[in-house]
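Examination of the molecular architecture
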Amino acid sequence: MNHYRSVFVSDIHLGTADCQAGYLLDFLNTVSCDTLYLVGDVIDLMAMQRRVHLPASHQAVIHKLIELAAGPTRVIYVPGNHDEFMRRFCGQTIVGIQIEYKAVHTTADGRRFMVCHGDQFDQVVRCSPLMLLVGDRAHGFLLRINRWFNAWRRMQGKPYWSLAAWVKSRIGKARTFIRRFELAALTAAERGHYDGFICGHIHSAGFLRSSEGLYCNDGDWVEHCTALVEQADGRLELLHWSENPVIIQSEPDTPSPEVDS
């Protein structure tokens, strides 16, 4: 079992048909950590107002999180916009899980990161969330195709691959939104005198370094199945988890040229 100093996951969207609960449960059963951050949109209470989809795999994830919180793992839950109802419980501990509006994480090498879901930047970048860029209906259609496509891949013995994410990566407006979002988070970190910002919300895992700080997005468990992990020495990495788990990105050592130019 791989052990990490800290793990960050977000945008799980339990309660919806598109949640990749099986992969997340396998991840939680395979790795261990000192601190687990749930960075928003864990249970999609917004979608569940229209239709509830809570099969055994989703319930198993909830039970696993409670089990982890009852053990040596510290579990911190920072609600997002899809589980905004839980923000009224910020400052409380429920079934061993600490609920906070935001958190400050200090890495093993002494860096301080603000941890928030990220929906507060929607107004700053003046654009709706990434999932709405192609429209609610179009995005839902993309995700349905994604489910069928990956069901076919499983029958062919092939690993998970997100068709929906590939399509959205080709949309110019989506790429523009992501960069605006990243820069807004870096600005917030700088103004708060933090070394970086850790968030989710836009379903796009990645790093962006400026001369002042490091932006980290842990991705999602709908399209990408990614987590941000901290090694014992404080190094941050992005892990993709499906049939073939792999580190897909490590934090950059130098600033991105287009950020500080």
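Throughout what follows, the structure given in this document is the object of discussion. (Residues numbered from 1 in each chain as written. Predicted model: local features only at pLDDT ≥ 70, side-chain atom pairs only at ≥ 80, totals over all residues. Heavy atoms only, no water.)

1. Focus on the packing of aromatic side chains
Under the counting rule described, the total for this entry stands at seven aromatic pairs. A ring pair is formed by F27 and W241, whose centres lie 5.3 Å apart and whose planes are at 70°; its orientation type is edge-to-face. In this pair, F27 sits in helix α1 (residues 21-30) while W241 sits in the loop between β12 (236-240) and β13 (246-250), placing the two residues 214 residues apart along the sequence. Since its relative accessible area comes to 6%, W241 is described here as buried. Taken together through their ring pairs, the aromatic side chains of F121, F181, F197 and Y215 make up a single cluster. (Phe/Tyr/Trp six-rings, centres within 6.5 Å; stacked < 30°, edge-to-face > 60°. Helix = DSSP H or I, 4+ residues; strand = E, 2+ residues; numbered from the N terminus. Buried < 20%, exposed > 50% of the residue type's maximum accessible area, 1.4 Å probe, protein only.)

2. Structural notes on helix α3 (residues 56-70)
In a regular helix each residue adds 1.5 Å, so 15 residues correspond to 21 Å; α3 covers 21 Å between its end C-alpha atoms and thus fits that length. Within α3, the full set of buried residues consists of H58, V61, K64, L65, L68 and A69. Looking straight down α3, one finds that the buried residues subtend no more than 135° of arc, so they occupy a single side. The outward face of α3, more than 90 degrees from its buried face, is lined by the exposed residues A56, H63, E67 and A70. Where α3 is buried, its residues contact α1, β2 (31-38), β3 (74-77) and β5 (97-99). (Expected span 1.5 Å × (residues − 1). Arc of directions from axis to C-beta. Contact = heavy atoms within 4.5 Å.)

3. Looking at the pattern of salt bridges
Evaluated as defined, the whole model comprises 10 salt bridges. One salt bridge connects K64 with E67, and the closest N-O pair in it is separated by 3.2 Å. Taken together, the residues span about one helical turn, with K64 and E67 both in helix α3 at a distance of three residues. The class for K64 is buried, based on a relative accessible area of 11%. (Salt bridge = Lys/Arg side-chain N within 4 Å of Asp/Glu carboxyl O.)

4. With respect to a nonpolar patch on the surface
Where nonpolar side chains cluster on the molecular surface, the patch consists of I66, I94 and V95 and spans about 220 Å² of accessible area. Positionally, I66 belongs in helix α3. (Patch = residues over 30% accessible without salt bridge, like charges linked within 9 Å, V, L, I, M, F, W, Y side chains within 5 Å. Areas by Shrake-Rupley, 256 points an atom, 1.4 Å probe, with all protein chains shown as cover.)

5. Some thoughts on the sheet that holds strand β4 (residues 93-94)
Hydrogen bonds between backbone groups are what pair the strands of a sheet, and the pairing can be parallel or antiparallel. One open sheet holds the eight strands; their spatial order is β4-β5-β3-β2-β1-β11-β12-β13, and the pairing between them is mixed. Pairing within the sheet leaves two strands with one partner each, and these edge strands are β4 and β13. Pairing of β2 with β3 involves four bridges; the strand directions are parallel. Bridge pairing in β3 links L38 to Y77. Packed onto the sheet, α1 meets β1 (2-9), β2, β11 (226-230) and β12 and runs at close to 125° relative to β2. (Pairing = 2+ DSSP bridges. Axes fitted to C-alpha atoms, helices over the stretch in contact; angles between N-to-C directions.)

6. Details of unusual backbone geometry
Unlike most non-glycine residues, H201 shows phi in positive territory, near 75°. Not every positive phi belongs to a glycine, and H203 is a case in point at roughly 55°. Position of H203 relative to the elements: it lies in the loop between β8 (196-199) and β9 (206-209).

7. Here we look at the nonpolar core
Counting residues in hydrophobic clusters, the biggest one holds 33 residues, and the most contacted among them are V7, V9, F27, L36 and W221. Mapped onto this core, the elements with two or more residues apiece are β1, α1, β2, α3, β3, β5 and β11. Examining the composition of this core, we find that six residues originate from one element, α1, more than from any other. V9 has contacts with F27, L36, Y37, L38, V39, D218, W221 and A227, leaving out every residue within four places of it along the chain. Counting 17 residues, the second-largest nonpolar core is a separate cluster that includes I178, C199, L208 and V259. (Core = buried A, V, L, I, M, F, W, Y, C linked by side-chain atoms within 4.5 Å.)

8. Examining the packing of α1 against α3
Direction vectors running N to C along α1 and α3 enclose 25°, while the axes themselves pass 9 Å from each other. In terms of orientation, α1 and α3 fall into the roughly parallel class. For the pair α1 and α3, the sense of crossing is left-handed. Two secondary-structure elements touch here, α1 through A21, L24, L25, L28 and N29 and α3 through S57, H58, A60, V61, K64, L65 and L68. By residue class, the composition of the contact of α1 with α3 is eight nonpolar, three polar and one charged. (Parallel < 35°, antiparallel > 145°, perpendicular 65-115°, else oblique. Left-handed = near helix turned anticlockwise from the far one by under 90°. Nonpolar A, V, L, I, M, F, W, Y, C, P; charged D, E, K, R; others polar.)

9. Details of the pairing of β13
Here is the key point about a regular strand: its side chains alternate between the two faces of the sheet. Here β12 pairs with β13 via four bridges, running antiparallel. Looking across to β13, one finds that E237 is bridged to S250. Remark: five residues form the turn of the hairpin made by β12 and β13, two consecutive strands paired antiparallel.

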